[in-house]
Amino acid sequence: MDLTPSALMGPLLMLLGFVGLGWIAARRLSIDPRPIATLLVYLIAPLTIFRALMNGGPTPEYLLLTLALFILVCSMALLVRRVTQHRFGPQEGALLAFSSGTGNTGYFGLPVALILLPPEGVTLYLFCMLGINLYEFTLGFYLSARGHFSVRQSLTKIARLPLIYAFLSALLLNALNVTLPAPLMSSLEVFPATYTLLGMMIIGMTLSQVTLSAWDSKFVATCVGLRYLLWPLVMLAAVLLLQYLGPLSSELGMALLLLGVVPMASNVVVVAMELGIQPQKGALAVLVTTLLAPLLIPLYLGIMLRMTGLG
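Here is a short report on the structure shown in this document.

The rules behind these values
Residues numbered from 1 in each chain as written. Predicted model: local features only at pLDDT ≥ 70, side-chain atom pairs only at ≥ 80, totals over all residues. Heavy atoms only, no water. Core = buried A, V, L, I, M, F, W, Y, C linked by side-chain atoms within 4.5 Å. Buried < 20%, exposed > 50% of the residue type's maximum accessible area, 1.4 Å probe, protein only. Contact = heavy atoms within 4.5 Å. Phe/Tyr/Trp six-rings, centres within 6.5 Å; stacked < 30°, edge-to-face > 60°. Helix = DSSP H or I, 4+ residues; strand = E, 2+ residues; numbered from the N terminus. Lys NZ or Arg CZ within 6 Å of the ring centre and 35° of its normal. Patch = residues over 30% accessible without salt bridge, like charges linked within 9 Å, V, L, I, M, F, W, Y side chains within 5 Å. Areas by Shrake-Rupley, 256 points an atom, 1.4 Å probe, with all protein chains shown as cover. Salt bridge = Lys/Arg side-chain N within 4 Å of Asp/Glu carboxyl O.

## Notes on the nonpolar core
Then, in step 1: Membership of the largest hydrophobic core comes to 113 residues, with the highest contact counts inside it found for Leu 40, Leu 69, Tyr 125, Tyr 135, Ile 203, Leu 256 and Leu 301.
Then, in step 2: For Leu 40, the residues in contact, after removing those within four places along its chain, are Ala 45, Pro 46, Tyr 195, Leu 198, Gly 199, Ile 202 and Val 270.

## Notes on the packing of aromatic side chains
Then, in step 1: All chains considered together, the criterion is met by 3 aromatic pairs.
Then, in step 2: With 6.2 Å between their ring centres and 25 degrees between their planes, Phe 98 and Tyr 135 make a pair best called stacked. Within this pair, whereas Phe 98 is found in helix 4 (residues 90-100), its partner Tyr 135 is found in helix 6 (residues 119-136), the two being separated by 37 residues in sequence.
Then, in step 3: Residue classification places Phe 98 among the buried residues on the basis of a relative accessible area of 0%.
Then, in step 4: Relative accessible area serves as the criterion here: at 0%, Tyr 135 is assigned to the buried category.
Then, in step 5: Both rings, one in Tyr 228 and one in Tyr 300, keep their centres 6.3 Å apart while their planes meet at 80 degrees; by these two values the pair is edge-to-face. In this pair, Tyr 228 sits in helix 12 (residues 217-245) while Tyr 300 sits in helix 15 (residues 279-308), placing the two residues 72 residues apart along the sequence. Residue Tyr 228 shares its accessibility class with Tyr 300, and that shared class is buried.
Then, in step 6: When the ring centre of Phe 88 is taken as origin, the NZ or CZ atom of Lys 218, which lies over that ring, is 4.7 Å away.

## Notes on a nonpolar patch on the surface
Then, in step 1: Side chains of Leu 241, Leu 242, Tyr 244 and Leu 245 sit close together on the surface and give an oily, nonpolar patch of about 470 Å² of accessible area.
Then, in step 2: Tracing the sequence through the fold places Leu 242 in helix 12.

## Quick look at unusual backbone geometry
A negative phi holds for most residues other than glycine; trans holds for most peptide bonds.
Then, in step 1: Unlike most non-glycine residues, Ser 30 shows phi in positive territory, near 55 degrees.
Then, in step 2: Looking at where Ser 30 falls in the secondary structure, it is placed in the loop between helix 1 (5-29) and helix 2 (33-56).
Then, in step 3: Owing to a relative accessible area of 62%, Ser 30 belongs among the exposed residues under this scheme.
Then, in step 4: Although it is not a glycine, Asn 177 sits at a positive phi angle of roughly 60 degrees.

And the structure:
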């Protein structure tokens, strides 16, 4: 298994290139990123998840993995919200709570998973990732909205999110053994790539509007700590606990460890843009954690693999 920075440089440069394209588009073409954020939340993300579930053929074991990750990240977010709510402003606290329960498992993590994991490991990684995605657009979205809206307004916004209905629709169709026409499934193939491209470009678009006053050292340092201290420790503890309770496949163990070392989620910017809560601060924090990724991922994975005996 190649954990050198050079093995990760390809995905990193691709993602940073998308960020650069977003910056150019906003600066030179005066493109407003807010409609793109709305498009991602209400159309592209739901169709991406729907297609993944229809292709993946979710089994009870895979869905149990999704549920376990959903419960874990919800617990982390609620804990961080409780600890930080009196140390940051309402909007910054909401962003921290949202980001603490998620990571860049799709835009960044999936290309890395394809490099490091066998096919079975990639499948396990995808269903773990699905639990995190569901958090983003349920409890995570609620915590973010509470930084700017009332409880009723926040719940109303969640009820309007189509990703929840896309997830339930895919589960129902799979339970009924319904197979969608091949032309329809082929037409959905464009959405995962579009999701990655626009999700990273929106960071660059937001950065194009950043001023020096948007830099918040305390906020960025906390985001880096959550992403590169809390998450690796939690996922390492989860793998060690599962190994203690019974046999744990190396594929699942590696997938869980990888989830713990990816950068901060780009959807932090997407949700912040949609809700109007400090998207510039979120974009700066995402950029910092992404730039640190090629240095920290090989280091962290090497240490954790030795500690768990999976290396």
